[in-house]
Amino acid sequence: MSRRVVLVTGVSRYLGGKVAAALAAHPSAPEVIGLDVVPPHAWMGGVRFVRADIRSPSIARLLEQERVDTVVHMNVIATPRSAGGRVPMKEINVIGTMQLLAALQKVPGVTRLVVKSTAGVYGAGPGDPAMFTEDSSATSPPRTGWAKDCLEVEGYVRGFTRRRPDVSVALLRFASIVGPGLETPLSRAFALPLVPGLLGHDGRLQFVHEIDAVDAMVTASLGDVTGPVNVAGDGVLTTSQAAAMAGRPVLGLPEVLAPAATRWLTRLGAAELSFEDLRLLGYGRVLDTSRCRDVMGFVPARTTREAFVEFLAAHGLRGVRPVVDLLADEIGKAVVDAVGAGRDGARR
Amino acid sequence: MTASGGTPRRGGGANPVSLGADRAAAERERRRRRGTPLLGTPRRAAEQAPADRSTPAAGSTPAAGTPASGSPTPGTEPGARPRRTRPAARPGRSPVRPAPVVTPLRRDDPVETVIDLVAEEAGQRVVEALEATRPPRLAVVPDEPVPAGPEDDPTPPTEDLLPSPLADPDGTAHLRDLLLDAVDFVRRRLEGDYAVDEFGFDAELTERVLLAVLRPVYRRWFRVELRGGDRIPADHGALLVGNHSGTLAWDALMTQVAVHDSTGGRFLRLLGADLVFSTPVVGDVARRMGATLAASSDAERLLSSGELVGVWPEGFKGIGKNYRDRYRLQRFGRGGFVSAAIRTQVPIVPVSIVGAEEIYPMLADVRPLARLTGAPYWPVTPTFPLLGPLGLVPLPSKWLIEFGEPIPTDELDPGAAEDPMVVFEITDRVREVIQQTLYALLVQRGSVFLG
């Protein structure tokens, strides 16, 4: 079999760059072409960078000339500020994907397409099932922001799958990705002095470590799984628990005020939470990852808790934890001093 | 910045994608709008800084920033607060602020001093509390091993207490372990160091706090008498189906205590209505206690992982019915629970609960108020709303809970779950068993409150 040629879009963004570099370093040594409109800021060994816009029709020509057989679409942006605002973000995400797929449709050599999506497409609400499988329908679908974009992107990808049945298409729906180098609306929320949440609701959260997310994209790109696949670290943390691990209290916002509150926070530059993110913090969302494990054959190396702990450590988020530790130690010592003369005083 | 310079150079080379000169302007514009995520690292560090600075101890930072204002006053003066007193009118201020005696805390004290002081204070309180409780300590032998965590304490409290008069004359070792355990529990709660499952179930909190609070209600208030506790499967999944009544779901909570205590610590995973989970706090507590949405996906997921699942198919029709309809079973849903049991091949255990009907005898249902508040019913009981919040105290009726003979479903084909005739037949059977048991239990109970 000839050497595979993989095209990765959005390589100048953090995860896109990591995926391209990881693909290039893979033992099967595929040829990796990185695509973006700006040059990458980190060196990606073995990746050939091509500067082009996925929205330009020249992509089809590039794909044919380079005999690309696999396309990994990473150019779906989660953070409006890094895209220059919500409007360009939507333009890049939705229109970009549409035009990339239009170009792909005309290139017979492409046999595999892998698209990064988000579990946000399931929405988050009180009427949700405890765990979402890939074929669960959203009971409260996302109405704004990145998750809405991804919902539309997934719609176009489904259309592409119908028109090009010879291309095997995989859609990876990631739980919240966290890591030392990555900044997402949700990770920024846990760096605020008070973690915003919904009053009286404590969502169940799942995280994926950025390295696991990259590995999952690589596994999917070089593998043959088709259809949507949920990717999340094992286990669950609740919002209050995650906030406690970051040593921060949760500020519960009444749901009627929540949309306004997220707008203020964004305007103040303190966070760029969308209303959907706040609903996630309030109602939570848990993924059934058995398809990822059994069909795709990928098990994230880190659990949800481990991923979150690594994220906290990398960002130095400890909050009031040292104080709590000290207080607990002191009270414990005081207890031992006061009643420690018991028969097994040396036990502890 | 190099967009205009970079593009033509690439275009002139062997680049297969020639973007064209007219695209360069659009390119530059796009590039300006589009951020540079990899440059995010220094920016993130800058943003991180304020958050970090404010977090370790919010109180101490302003002092660190203003060393000049703090330095002129000698640090030995406990009451001196130069920044406050100087600009304010002296005669008015000084009597208000007598020299603090107990805690010579000042704004510019380092965090460690504050922590030391608080810790000392807390330690002092513990010592005082202990002095107060020491004499009657042995007399108060708890008859339920509730507050101590049996799972992480190597010596269970009940065993510890019995031989203690000899080895541990004051019971202090036990008391100390209890206190240390409590301190450890609170610390782990504050630091998020506990496990929650995918449904949001917090086993430790349920066992140590929620069930511990409910158990006295179960034993002393409702004086629940349990029959057939041994019919609950000890090691595999089962669907417990009960009659629902009482305006507020005390019957579900009491059944949870009954199941936990008669199976040696198994948890009943309740299925609740949508309304439960969309209600703030209530939905959160319900999830922590192991409840989840009454949907077939959740029920089947729990049943196939071997859990005991509790369901009240009458729903709001049962719990919100008028007092005159007491012990008359309402429609049993659409039999979805039977389908779930057949599909997962687990037995159905009928649960008959007598006593919950009388805790809040509902005399009337104010429909307009219910519609206004979005509640399924708006009850008027002898005590509510007459006595306000006091009306929320349930009447101390005498309860009987009977677990019936399990109805097996494993001889049926899992495909039978799709057969409405089979499902209706089993639904009716379960309903009939519960109704008959209720009548029998009512006869046995005699008086409503004395039993």
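Basis of the calculations
- Residues numbered from 1 in each chain as written.
- Chains lettered and ligands numbered in written order.
- Predicted model: local features only at pLDDT ≥ 70, side-chain atom pairs only at ≥ 80, totals over all residues.
- Helix = DSSP H or I, 4+ residues; strand = E, 2+ residues; numbered from the N terminus.
- Rg over C-alpha atoms; globule rule 2.2 N^0.38 Å.
- Buried ≥ 20, exposed ≤ 12 C-beta atoms within 10 Å, placed from the backbone.
- Contact = placed C-beta atoms within 7 Å.
- Core = buried A, V, L, I, M, F, W, Y, C linked by C-beta atoms within 7 Å.
- Axes fitted to C-alpha atoms, helices over the stretch in contact; angles between N-to-C directions.
- Left-handed = near helix turned anticlockwise from the far one by under 90°.
- Nonpolar A, V, L, I, M, F, W, Y, C, P; charged D, E, K, R; others polar.
- Pairing = 2+ DSSP bridges.
- pLDDT = per-residue confidence, 0-100.
- Expected span 1.5 Å × (residues − 1).

Draft legend 1. Geometry of the overall build of chain A. Of regular secondary structure, chain A possesses 13 helices and 13 strands. A compact globule built from 348 residues should have a C-alpha radius of gyration of about 20 Å, and chain A, at 22 Å, falls within 12% of that. Seen along its three principal axes, the alpha-carbon backbone of chain A occupies a region of about 80 × 45 × 35 Å. A burial count over chain A gives 59% of its 348 residues as buried.

Draft legend 2. Quick look at the overall build of chain B. Of the regular secondary structure elements, chain B holds 20 helices and nine strands. Split into buried and exposed, the 451 residues of chain B put 31% on the buried side. A separation threshold of at least 6 residues defines the contact pool for chain B, and within that pool the share at least 24 residues apart is 70%.

Draft legend 3. Local environment of the nonpolar core. With 173 residues, the main nonpolar core has Val8, Val19, Ala20, Leu172, Met217 and Val231 of chain A together with Leu239 of chain B as its most contacted residues. When sequence neighbours within four positions are dropped, the list of residues in contact with Val19 of chain A reads Val8, Val72, Met74, Val214, Met217 and Val218 of chain A. Counting 10 residues, the second largest nonpolar core, distinct from the first, contains Val339 of chain A together with Leu175, Leu180 and Val183 of chain B.

Draft legend 4. Summary view of the environment of Thr161 of chain A. All names here are of chain A. Inspection of the secondary structure assignment puts Thr161 in helix α5 (residues 145-163). Residue Thr161 is classed as partly exposed on the basis of its 17 C-beta neighbours within 10 Å. Thr161 sits 82 residues away from Ala243 along the chain, and the two C-alpha atoms are 41 Å apart.

Draft legend 5. Looking closely at the packing of helix α16 (residues 296-304) of chain B against helix α18 (residues 336-344) of chain B. Residues and elements named next belong to chain B. Two elements in contact, α16 and α18, have axes separated by 9 Å at closest approach and are oriented at 35 degrees. In the packing of α16 onto α18, the handedness of the crossing is right-handed. Counting all contacts with α16, which are made through Ser296, Ala299, Glu300, Leu303 and Ser304, the residues of α18 involved are Gly336, Phe337, Ser339, Ala340, Ala341, Arg343 and Thr344. Its residues placed into classes, the contact of α16 with α18 shows five nonpolar, five polar and two charged.

Draft legend 6. Representation of the sheet that holds strand β5 (residues 308-311) of chain B within the structure. Residue and element names in this part refer to chain B. Taken in spatial order, the seven strands line up as β1-β9-β6-β2-β5-β3-β4 in an open sheet, and their pairing is mixed. Edge positions in the sheet fall to β1 (225-227) and β4 (292-293), since each has one partner strand and no second. Across four bridges, strand β6 (residues 348-354) lies against strand β9 (residues 400-403) in antiparallel orientation. Residue Ser352 lies in a different strand from β9, and its bridge partner there is Glu402. Across the face of the sheet, helix α13 (residues 250-262) comes into contact with β1, β2 (238-242), β3 (268-272), β5, β6 and β9 while running at roughly 160 degrees to β3. Taken strand by strand, α18 contacts β2, β5 and β6, and its axis lies near 165 degrees from that of β2.

Draft legend 7. Here's a closer look at α16 of chain B. Of the residues making up α16 of chain B, those classed as buried are Asp298, Ala299, Arg301, Leu302 and Leu303 of chain B. Turning to α16 of chain B, the residues buried within the fold contact β2, β3, β4, β5 and α18 of chain B.

Draft legend 8. Expanded view of the confidence of the model for chain A. Residues and elements named next belong to chain A. Per-residue confidence for chain A averages 90 on the pLDDT scale, and 97% of its residues sit at or above 70. Averaged pLDDT values for the elements of chain A fall to 79 in helix α3 (residues 80-83) and rise to 97 in strand β10 (residues 207-209). In the predicted structure, residues 342-348 sits below a pLDDT of 50 and forms 10 contacts with residues beyond four places in sequence or in another chain.

Draft legend 9. Summary view of the sheet that holds strand β2 (residues 31-36) of chain A. All names here are of chain A. Pairing within the open sheet is parallel, and its seven strands lie in the order β3-β2-β1-β4-β5-β6-β11. Edge positions in the sheet fall to β3 (47-51) and β11 (227-231), since each of these pairs with one other strand and no more. Along the sheet, successive strands turn relative to each other by an average axial angle of 20 degrees, direction set aside. Across five bridges, strand β1 (residues 5-9) lies against β2 in parallel orientation. Pairing of Val5 across the sheet is with Glu31, part of β2. Here helix α7 (residues 210-222) sits on the sheet in contact with β1, β4 (70-73), β5 (112-118), β6 (168-174) and β11, set at roughly 165 degrees to β6.

Draft legend 10. Broad picture of the pairing of β11 of chain A. Residues and elements named next belong to chain A. The buried fraction of β11 is high, at four of five residues. Direction of pairing for β6 relative to β11: parallel, over a ladder of five bridges. When the bridges of β11 are listed, Ala170 appears paired with Gly227.

Draft legend 11. Main features of α7 of chain A. Residue and element names in this part refer to chain A. Given a rise of 1.5 Å per residue, 13 residues ought to cover 18 Å, and the 19 Å separating the end C-alpha atoms of α7 matches this to within 8%. Of all 13 residues in α7, 11 are buried; the element is thus mostly enclosed. Considered for burial, the residues of α7 that qualify are Glu210, Asp212, Ala213, Val214, Asp215, Ala216, Met217, Val218, Thr219, Ala220 and Ser221.

Draft legend 12. Main features of the environment of Leu251 of chain A. Residue and element names in this part refer to chain A. As for its position among the elements, Leu251 is in strand β13 (residues 250-253). For the pair formed by Leu251 and Pro88, sequence separation is 163 residues and the distance between their alpha carbons is 31 Å. With sequence-adjacent residues up to four places away left out, Leu251 is seen in contact with Leu194, Val195, Pro196 and Gly197.

Draft legend 13. Inspection of the confidence of the model for chain B at higher detail. Averaged over all residues, the pLDDT of chain B equals 75, while 63% of them reach at least 70. This stretch, residues 34-103 of chain B, has a pLDDT under 50; its non-local contacts, to residues over four places away or in other chains, come to 59 contacts.

Draft legend 14. Structural detail: the environment of Phe298 of chain A. You can see Phe298 of chain A is positioned in the loop between α11 (290-294) and α12 (304-315). With 78 residues separating them along the chain, Phe298 of chain A and Ala220 of chain A place their C-alpha atoms 8.8 Å apart.

Draft legend 15. Local environment of unusual backbone geometry. Residues and elements named next belong to chain B. The omega torsion across Phe384 and Pro385 is 5 degrees, close enough to zero to call that bond cis. Assignment of secondary structure puts Pro385 in the loop between β8 (379-380) and β9. Notably, Arg223 is not glycine yet its phi reads approximately 45 degrees, a positive angle. Tracing the chain through its elements places Arg223 in the loop between α12 (203-221) and β1. A positive phi is found at Gln345, a non-glycine position, where the angle reads about 60 degrees. For Gln345, the location among the structural elements is in the loop between α18 and β6. A residue is classified by how many C-beta atoms lie within 10 Å of it, and Gln345, with 18 of them, is partly exposed.

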